[in-house]
Amino acid sequence: MSVTVQEPTVRRSDADGVHNEIPRGYSDHVREFVPMDLEAMRPKGFIKKCEDWSGSLTQKVLDGKGLKEVTACPICSSPSSDFELEKFGIAMVKCQDCTLRYSRQIPVDAAELYSDEDYLPILKKGYNENLDYRKQRFGVERLDLIEEQMESGQDKSLLDIGCGTGWFLECARERGFDIAGFDLGTEVAAWTADRLGIPVWSSSLDEIPSDRKFSVITAFDVLEHVLDPVEWLRSAMTFLKPGGIMLLYVPHFDSLSVQVMRDKSSLVTPLEHVLFFTKQAMQTLADRVGLELTYFKTRGIDMGDLMSFFEDQGDEELARACGKLYPYLQPIVDGANSGNSSRYILRLNACQV
Ligand SMILES: [Zn+2]
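Residues numbered from 1 in each chain as written. Predicted model: local features only at pLDDT ≥ 70, side-chain atom pairs only at ≥ 80, totals over all residues.

Asks: Sorry if this is basic, but what is going on with the packing of helix H6 (residues 131–149) against helix H7 (residues 167–174) here?
Replies: In helix packing, the relevant descriptors are the interaxial angle and the interaxial distance, both defined with respect to the helix axes. Packing of H6 against H7 brings their axes to within 9 Å, and their N-to-C directions diverge by 60 degrees. The pairing of H6 with H7 is recorded here as oblique in orientation. Classified by chirality, the crossing of H7 by H6 is right-handed. On H7, the residues that touch Leu131, Arg134, Lys135, Gly139, Arg142 and Leu143 of H6 are Trp167, Phe168, Cys171 and Ala172. For the contact of H6 with H7, a count of residues per class yields 6 nonpolar, 1 polar and 3 charged. (Axes fitted to C-alpha atoms, helices over the stretch in contact; angles between N-to-C directions. Helix = DSSP H or I, 4+ residues; strand = E, 2+ residues; numbered from the N terminus. Parallel < 35°, antiparallel > 145°, perpendicular 65-115°, else oblique. Left-handed = near helix turned anticlockwise from the far one by under 90°. Contact = placed C-beta atoms within 7 Å. Nonpolar A, V, L, I, M, F, W, Y, C, P; charged D, E, K, R; others polar.)

Take a look at the structure:
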């Protein structure tokens, strides 16, 4: 399916001054807003399809080595938590100290989730789907942010952790970055390394030579899967150059769609997404490892998710309304940092090294 990138359909009105009453920053969100193609991103039956997929993964773990209990917050180690929600019989709780939501049970063997032998063919097929759209819509946005946030004088070296098929790395190389990747999947790592002619390490971050350092490390939709985020971040940051930045994308718990949809959100998958971040939780994590949190923003597809949600509930009228209002309301949601995808920059200050 070919998808064209749409022009923003909502623009700031500079002439009539009607936006003067709106908190500063909102008009920028409207101006910057580039709608996603909802038909491609949230096709009919989206919620059901996601539930079937994550339900089957949960069953696979239950039929395999099973689950183990998590008794303390994976970020701040607090043992105190409150019940938040439940999906497929797995509880997600809220840490009373740092507000992280985390799965109370996790797979004994996480590899069971990702050991599908058909995984590489699926990824290869996915690589070709909407490639140009993804590169233009998401690659450009990510690289604009990186270049805006990099300290001047830093070289353009970039490591993408969880690089998969490497489409983002291709975008980065087109923008002049010296690129390298990491992916837990051995087969996909080898495929991407071969295709792009670059190093793509696999299995463990320890595989990366200790003298390789990067100005930018990216991890898009990775950290929510990590069982020990403190150890993961401490390990990843050893590959940062002084003054370097880490750009992390994670699902955002304090978002409109997750608050409305709760366990019906496709982002709530307690065995895959074992962590669910809030800004406070990310700040706590950054403090623990000694990185400075210097950027936080959300950009979401909340209205698209709500469209799917109401469609699933059988309320076609409300579903249509959400789709129609998406270009108008999503910039407000994003402007309030209530979108369901959050972006963080953690910086390694040169004086810390
Ligand atoms: Zn905590």
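Asks: Is there a simple way to explain the pairing of strand S6 (residues 157–161) in this structure?
Replies: Note on strand geometry: in a regular strand, side chains alternate between the two faces of the sheet. Among the 5 residues in S6, 4 count as buried, and that is most of the element. Note: S6 against strand S7 (residues 178–183), 5 bridges, orientation parallel. For Ile161, the partnering residue across the bridge sits in S7 and is Phe182. One crossover worth recording links S6 to the parallel S7 by way of H7, and it is right-handed. (Buried ≥ 20, exposed ≤ 12 C-beta atoms within 10 Å, placed from the backbone. Pairing = 2+ DSSP bridges. Right-handed = clockwise from strand over helix to strand, strands pointing away.)

Asks: Would you take a moment to explain unusual backbone geometry for this structure?
Replies: Glycine aside, residues mostly have negative phi, and peptide bonds are mostly found in the trans state. The residue Thr99 is not glycine, and still its phi comes out positive at about 70 degrees. Relative to the helices and strands, Thr99 resides in the loop between strand S3 (90–95) and strand S4 (101–103). Of note, Ser203 is a non-glycine position whose phi angle comes to about 70 degrees, a positive value. Looking at Ser203, the number of C-beta atoms within 10 Å reads 12, which means it is exposed.

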